[in-house]
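Structural characterization, general
The lines below spell out each chain.
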Amino acid sequence: MGYRVVVLVSGSGTLLQALLDAQAEGRLDARLVAVGSETGSCAGVARARRAGVPTFVVPMPRLLPRGSAEREAWDREFADAVARHEPDLIVLAGFMKLLGAPFTDRFGDRIINSHPALLPAFPGAHAVRDALEAGATSTGCSIFWVDEGVDTGRLIAQVPVEILPGDDETTLHERIKVSERTLLVRTVNELAARHRQSGARKVRR
Ligand code: GAR
């Protein structure tokens, strides 16, 4: 039982690790039921395996254009793989592919993403670099409900992060990720509590 969470990753998986650590230490009021990816070689999938959390990979060996038949077939297959774990919540934790309608239509009210900027500022795949190039003096991180747009969904929580003189993309991103890890654990716990309170019946699709 419990609030079932599937986490999707593409990269190093340090946000996922924050959730895994919280679960191991009894600080997560939810259950990480699976971790999925489009690439089996990413460190995030290895972190899940080490923690004994089931993993699944639906490979996307080359970038399939959005809207193409091939991409929609991939979206459907990925959605099927996620659905097998009957998630109450899907967390994009450094998942770097845009999910198309075959995925978002199916889970649209249950997907959150963590983004390294204060949305609506600096959406997209290079938010940290874009903030530095724009000469911003502060940025931050955001957690939001995923819709079909690129980082356009309804905001859930944000934390500002100062940009320090001498910051480069690596140092700034690392400082943002420290905030993201805490915010993500807290947000999942809050959504789990809301779910319990509402007594919402899980929709199994
Ligand atoms: C995080 O900063 C996350 O916000 C970002 O990727 C990083 C993942 O780090 N996601 C995006 O930029 C999505 N647009 P991790 O692999 O160490 O968890």
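First, a word on scope: everything that follows refers to the structure included in this document. Numbers given to residues run from 1 along each chain, matching the order in which its sequence is written. Side-chain atom pairs in this predicted model are given and counted only at pLDDT of 80 or more, local residue features only at pLDDT of at least 70, and totals for whole chains, interfaces and linings cover all residues. The basis for every side-chain value is the complete set of heavy atoms in the structure, and neither hydrogens nor water enter the calculation.

Here's the deal with unusual backbone geometry
That bond from Leu119 to Pro120 is cis: its omega, 10°, falls within 30 degrees of zero. Secondary-structure assignment places Pro120 in the loop between β5 (111–115) and α5 (127–133). Its identity is not glycine, yet Glu86 carries a phi of approximately 45°, on the positive side. For each residue, the accessible area found with a 1.4 Å probe, counting protein chains only, is set against the maximum for its type, and the residue is called buried under 20%, exposed over 50%, and partly exposed in between. Among the residues examined, Glu86 registers a relative accessible area of 29% and is labelled partly exposed. Its identity is not glycine, yet Phe122 carries a phi of approximately 55°, on the positive side. The helix count covers DSSP runs of H or I at least four residues long, the strand count covers runs of E at least two residues long, and both are numbered beginning at the N terminus. Of note, Phe122 is situated in the loop between β5 and α5. Its relative accessible area of 22% is what places Phe122 among the partly exposed residues.

Some points on the pattern of salt bridges
A side-chain nitrogen of Lys or Arg and a carboxyl oxygen of Asp or Glu constitute a salt bridge if their distance falls within 4 Å. Counted by the stated rule, this structure contains nine salt bridges. Measuring nitrogen to oxygen at the nearest pair gives 3.8 Å for the salt bridge that ties Asp109 to Arg110. With relative accessibility at 52%, the residue Asp109 sits in the exposed group. With a closest N to O distance of 3.2 Å, Arg181 and Glu174 form a salt bridge. Judged by its relative accessible area of 19%, Arg181 falls in the buried class.

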